[in-house]
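Residue-level listing of the chains:
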Amino acid sequence: MKARHLIWIRRISQGVFLALFLFLLIQTRFPSTAYQDYSLTMTTEQDIRVAYPVSFFFQLDPLIWLTSLLSGHVWMKGFLWAVGVLLLTLLLGRFFCGFVCPLGTIHHMVSVIRPTLKGKALIEANQKMRSERIKYFLLIAVLVSALFGLNAAGILDPMSLLFRSLTLAVFPGVGNAIKAACDVIAASDIKPFNLLGYAAEEIASPLFGYGYPAYQTGWLIGGFFLTILFLNRIRFRFWCRTLCPLGALFGVVSRFSLLKLEKNEGKCTDCQKCTLACQGAASPGPAVDWDSSECLLCFNCFNQCPEDAITFRFRWFPAQNRGPDMGRRAVLGGLAAGVSIPLFGRLDGQVYRVSDPRLIRPPGSAEEKDFLRLCQRCGLCMKVCPTNVIHPALAEGGMAGFWTPRLIMTLGYCEYTCTLCGSVCPTGAIAGITGKEKVERPIRIGSAYLDRGRCLPWSGNGPCIVCEEHCPTSPKAIYLRPDTQTRLDGTRVTVQLPYVDLGRCVGCGICENKCPVKGKPAIRVMAAGETRSVKNQILLDI
Amino acid sequence: MDDAITRREAIKTGLYLSGSLALACAAGWPDHGLSEAHAEVKKGRFLVEGAGETPGYSVQTLTEKVFEAAGGMGAFVSRGDVVVIKPNISWARTPSLAASTNPEVLEAVIRLAFNAGAKKVRIADNTIHNAERCFALTGAAMAAQKTGAELVHPRSSMMQDMKMQGHRLDVWPVFVPLVEADKVINLPIAKVHGLSVLTLGMKNWIGGVGGRRNALHQDMHQTIVDLAHFFKPTLTLIDAIRIMVANGPSGGNESDVAVTNRLILSNDPVAADVKAAGLFHVAPASVGYMVLAEKQGLGISDLTTLTEKRVVL
């Protein structure tokens, strides 16, 4: 095969996988074409599910498979894909980085389109560097940490990172801007403008979400994403070379890869064109050994070499590649970090003592200890939630729970029969429950409590039954008792005072969400009473 | 050179222009589409009650018969009309739980409107639960799909401030498609409610507005009447095939539902509600908004003053 063809195959593959990633990301939502056939289902409710296998890229990812196995001791759904990717890596090397990884593709594009580095500076930047060891440090740290019960891989895993960044920062950021523009145009009194605004919104909303999506710490996630994109100005594919723990894992496995770069040093004129084009600083040039662990398999060197001095060939055992350059410090440091992270992560008492009342996990979530073993912080549950109630935690879950999902009832609420979040969770940190189970067991995510000083009828500020009206359980967990109150002007009014029956409350939070007292509502939900925890209970009988 | 305007003149002209533009905008403001949508309740007040008494009767046929008895949909909808239907599909519940308008009735009404020559039929409700889930679970999405009606997604750009001129509500954001139509059909389901006692036709208009709806409860009855006055539908058809008799308005259990197999169609919003109250054995005089509505001239609660028909299937 000609090198030029190989380059184009790589580019097409990169484009296809990036497009597929974006497509599945957009499809991670309540399906807009869903409907129930009422002639068949007058009496039963089917669980509506996302129409596409949206966790596919997470199943492809061996780092997610390994960490959930090491830490959660579960074989995640579809892990054979990840096994397949690892086997292919044994054969081909880091093909995933060069041909598949959507984050790698984005870095590749940012690096190559209008590059900041040229000529000598570029050759300089494409030399092998010690900083490349950082990724091995990070890989060892997340693997060891997973072994000791805290799965932190998702913070840096490229699939989780990209999904989280796009879905919680980039898309909502762009979407909010479009929506704001549509609102302005739609408010116009001039009819054609008006219609244009509606039409634009009709097109944009399915992509970016209806309304103004918001995510706690979205700015931080976006800032982190922009930073790693910016790093491509320092070195091409800085992330892939220096930081990516999945790349490091592939690097370790690539040591044994059968596809090898062969240099014909006799033909080489030392023109450096290969080094100029190298995406991975894998030493394609003369005089040094090729680094299989750093090679992203972009085939640029193969394509660029004017003398045909570079070829890729399959070579069977016992021909070995140069081992990954980890460095003793990276290994020892990684081990030390991996042991300390889980230990330090539990010092705040969240796991062993009492958890933050604001740490309300999605329905079906595993018990906190197991949750932290499995959650990849990828943001699938946050994206799919139709009410935008699930947010990445900042400090509510302690250090260990950073960016794990948490419900904020003032921004959304958990729909009584909806179980979409669990149905898309790639590792089972949120179990895939049915709507029937959720209602009949019931699966509680917390409990509501009243703040009588804020409540309109309790504080003598007039009638209101909004929380009771919205309470979805049957019979309602919020009930009313009539009371006669004397107002400031002496008039007597009859109001109905709300009470919460903890035995019925499931913590869905629609009361908090719809309460007319905004910001800090008069009825709020705390995590106590959540089904997933034996400790975090209020009532004797549950 | 003499023709060139000075800086001062330029600023002056600019101010005049922007001032008159602002005035024009202010003057042009909220009276869109209010003109025709509200057929006045003048001549021929009527009420038709449909009852399905044979087991296994067709809800759709009953709906058709009820309209037939009222003179046919053609008496209300003209060729080329844009018809908007306001169901109550606010809760993401299956039809069996009677929290939302029966999709069979909805489907039949849409078909009747199309058969009468309607150019477009829209279904519009500003839902409480997530709109897409409401559409999917209540059957409204399927009714729209089957019939070709347009299901309007309630979104903030479609809520525009309009002048209510009510006793309590002055300017309030209104769900635009409900006023930008030639004919409006109110299609609620009958349910109990913790504050307003019953939610029937007039209360259904709470779902026609946006904004701080959860503050309306502080003067529920007057705000219901203000809204009913503002929207004033061509027809009210109360779906009482299944009614919610407990745990309203959200329900959630089959035991909250009673099967009454009734439809109530009227061009008098007060009379329709009064008739439906009978199904719950509630005295209309004890329901604040019904009393207020009559007092403020929205309709007449005395059912002997109108032509009442009964259709049995």
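Just so it is clear, the model here is predicted, and its values are computed rather than measured.

*Asks:* So what's going on with the nonpolar core? Which residues, and what values?
*Replies:* Core analysis: the largest hydrophobic core is formed by 86 residues, its most contacted members being A:Phe96, A:Trp239, A:Phe299 and A:Phe312. The leading source of residues in this core is helix H1 (residues 3-27) of chain A, at 8 residues. If we ignore the near neighbours within four places in the chain, the residues touching A:Phe96 are A:Leu60, A:Val85, A:Cys101, A:Met159, A:Leu246 and A:Phe250. Judged by nonpolar contacts, the second largest core, of 60 residues, contains A:Tyr198, B:Leu198, B:Leu200 and B:Met202.

*Asks:* How would you summarise the pattern of salt bridges if you had to cite specific residues and measurements?
*Replies:* All told, the structure shown has 36 salt bridges over all chains when counted by the stated rule. Ionic pairing is found between A:Glu294 and A:Lys135, a salt bridge with its closest N-O pair at 2.8 Å. Of this pair, A:Glu294 sits in the loop between helix H15 (273-277) and helix H16 (300-304) while A:Lys135 sits in helix H8 (residues 134-147), and the two are 159 residues apart along the sequence. For A:Glu294, a relative accessible area of 2% translates into the label buried. By relative accessible area, which is 0% here, A:Lys135 ends up buried. Measuring nitrogen to oxygen at the nearest pair gives 3.9 Å for the salt bridge that ties B:Glu49 to B:Lys275. A residue pair is termed long-range when its members are at least 10 positions apart, and B:Glu49 in strand E1 (residues 46-51) and B:Lys275 in helix H8 (residues 269-279) qualify at 226 residues. This pair shows no difference in class: B:Glu49 is buried, exactly as B:Lys275 is.

*Asks:* Just give me the short version of the side chain of A:Glu468, but keep the residues and values in it.
*Replies:* Residue position: A:Glu468 is located in helix H22 (residues 466-470). A:Lys476 is the oppositely charged side chain nearest to the buried, salt-bridge-free A:Glu468, at an N-O distance of 5.1 Å. The residues contacting A:Glu468, other than those within four sequence positions of it, are A:Lys476, A:Ile478, A:Leu480 and B:Gly194.

*Asks:* Describe in detail the interface of chain B and chain A, supporting the description with residues and values.
*Replies:* Contact with chain B, which involves 52 residues of that partner, is made by 50 residues of chain A. Where chain B abuts chain A, roughly 4,200 Å² becomes buried across the two surfaces, and 51% of that area is made up of carbon and sulfur atoms. Three residues, B:Arg133, B:Arg155 and B:Asn214, lead the burial of chain B against chain A; their summed loss comes to 16% of the area buried on that side. If you look at where chain B meets chain A, you find 3 salt bridges. One salt bridge connects A:Glu201 with B:Arg155, and the closest N-O pair in it is separated by 2.9 Å. On the surface where chain B and chain A come into contact, there are 25 residue pairs in polar contact (both at pLDDT 80 or more).

*Asks:* Pulling in residues and values, what's your account of the state of the cysteines?
*Replies:* Residue and element names in this part refer to chain A. Counted by the stated rule, this structure contains 0 disulfides over all chains. With no disulfide of its own, Cys-471 lies closest to Cys-508 among cysteine sulfurs, the gap being 6.5 Å. For Cys-471, a relative accessible area of 6% gives the class buried. Of the cysteine sulfurs around Cys-505, a residue in no disulfide, the closest is that of Cys-511, at 6.3 Å. We classify Cys-505 as buried; its relative accessible area is 7%.

*Asks:* An account of the packing of aromatic side chains is requested, with residue identities and associated values reported.
*Replies:* Residue and element names in this part refer to chain A. Applying the stated criterion to the full structure yields 23 aromatic pairs over all chains. Taking 5.1 Å as the distance between ring centres and 75 degrees as the angle between the ring planes, the aromatic pair formed by Phe-21 and Phe-57 counts as edge-to-face. A residue pair is termed long-range when its members are at least 10 positions apart, and Phe-21 in helix H1 and Phe-57 in helix H2 (residues 56-60) qualify at 36 residues. Assigned by exposure class, Phe-21 and Phe-57 land together as buried.

*Asks:* Can you break down the environment of B:Val291 residue by residue, with the values?
*Replies:* Residue and element names in this part refer to chain B. Tracing the sequence through the fold places Val-291 in helix H9 (residues 288-295). A sequence separation of 66 residues divides Val-291 from Val-225, and the C-alpha atoms of the two residues are 9.6 Å apart. In contact with Val-291, other than residues within four places in its own chain, are Pro-284 and Ala-285.

*Asks:* So what about a nonpolar patch on the surface? Which residues, and what values?
*Replies:* Residues and elements named next belong to chain A. Residues Leu-147, Phe-148, Val-339, Leu-343, Phe-344 and Leu-347 make up a contiguous nonpolar surface patch of about 620 Å² in total accessible area. Ranked by residue count, the leading element in the nonpolar patch is helix H17 (residues 328-345), at 3 residues. As for its placement among the helices and strands, Leu-147 is situated in helix H8.

*Asks:* Tell me about the confidence of the model for chain B, and name the residues and values.
*Replies:* Residues and elements named next belong to chain B. Within chain B, residue pLDDT values average 87, and 89% of them lie at 70 or more. Mean pLDDT per element in chain B: helix H2 (residues 34-37) is the minimum at 40, and strand E2 (residues 82-87) is the maximum at 95. In the predicted structure, residues 27-42 sits below a pLDDT of 50 and forms 27 contacts with residues beyond four places in sequence or in another chain.

*Asks:* Explain helix H10 (residues 158-186) of chain A to me, using residue names and the numbers behind them.
*Replies:* All names here are of chain A. Between the first and last C-alpha of H10 there are 39 Å, a value that for 29 residues agrees with the 42 Å anticipated at 1.5 Å per step. Of all the bends in H10, the greatest, near 40 degrees, is centred on Leu-166. Of the residues flanking the start of H10, the one acting as N-cap is Asp-157, its side-chain oxygen 3.0 Å from the backbone nitrogen of Met-159.

*Asks:* How would you summarise the confidence of the model for chain A if you had to cite specific residues and measurements?
*Replies:* Looking at chain A, pLDDT values average 91 and 98% of them are 70 or higher. Per-element confidence in chain A is highest for strand E8 (residues 523-526) of chain A, whose mean pLDDT is 97, and lowest for helix H11 (residues 191-208) of chain A, whose mean pLDDT is 82.

*Asks:* How would you sum up the environment of A:Gly247? Please name residues and give values.
*Replies:* All names here are of chain A. Relative to the elements of secondary structure, Gly-247 occurs in helix H14 (residues 245-254). Since its relative accessible area comes to 1%, Gly-247 is described here as buried. Not counting the four nearest positions on each side in its chain, Gly-247 is found in contact with Arg-94, Cys-97 and Lys-135.

*Asks:* Go over the pairing of strand E7 (residues 492-500) of chain A with me, naming the residues and quoting the values.
*Replies:* Moving residue by residue along a regular strand, the side chains alternate between the two faces of the sheet. Residues and elements named next belong to chain A. Two elements, strand E6 (residues 478-486) and E7, share 9 bridges in a ladder whose sense is antiparallel. Bridged to Leu-480 within E7 is Pro-498. The hairpin turn running from E6 into E7, its antiparallel successor, is 5 residues long, and Gly-490 in that turn takes a positive phi close to 90 degrees.

*Asks:* Report on unusual backbone geometry, specifying residues and quantitative values.
*Replies:* In this model, A:Ser474 is joined to A:Pro475 through a cis peptide bond whose omega is -5 degrees. Examined against the element boundaries, A:Pro475 turns out to sit in the loop between H22 and E6. A cis geometry characterises the amide bond from B:Gly248 onward to B:Pro249, with omega recorded as -5 degrees. One non-glycine residue, B:Lys232, lies in the positive phi region at around 30 degrees. For B:Lys232, a relative accessible area of 19% corresponds to the buried category.

Cut-offs used in this document
- Residues numbered from 1 in each chain as written.
- Chains lettered and ligands numbered in written order.
- Predicted model: local features only at pLDDT ≥ 70, side-chain atom pairs only at ≥ 80, totals over all residues.
- Heavy atoms only, no water.
- Core = buried A, V, L, I, M, F, W, Y, C linked by side-chain atoms within 4.5 Å.
- Buried < 20%, exposed > 50% of the residue type's maximum accessible area, 1.4 Å probe, protein only.
- Helix = DSSP H or I, 4+ residues; strand = E, 2+ residues; numbered from the N terminus.
- Contact = heavy atoms within 4.5 Å.
- Salt bridge = Lys/Arg side-chain N within 4 Å of Asp/Glu carboxyl O.
- Lys, Arg positive; Asp, Glu negative; His and termini not counted.
- Buried area = accessible area lost by both parts, 1.4 Å probe.
- Polar contact = N/O pair within 3.5 Å; in protein donor to acceptor, adjacent residues only side chain to side chain.
- Disulfide = S-S within 2.5 Å.
- Phe/Tyr/Trp six-rings, centres within 6.5 Å; stacked < 30°, edge-to-face > 60°.
- Patch = residues over 30% accessible without salt bridge, like charges linked within 9 Å, V, L, I, M, F, W, Y side chains within 5 Å.
- Areas by Shrake-Rupley, 256 points an atom, 1.4 Å probe, with all protein chains shown as cover.
- pLDDT = per-residue confidence, 0-100.
- Expected span 1.5 Å × (residues − 1).
- Bend = angle between axes of the 7 residues up to and from the residue.
- Pairing = 2+ DSSP bridges.

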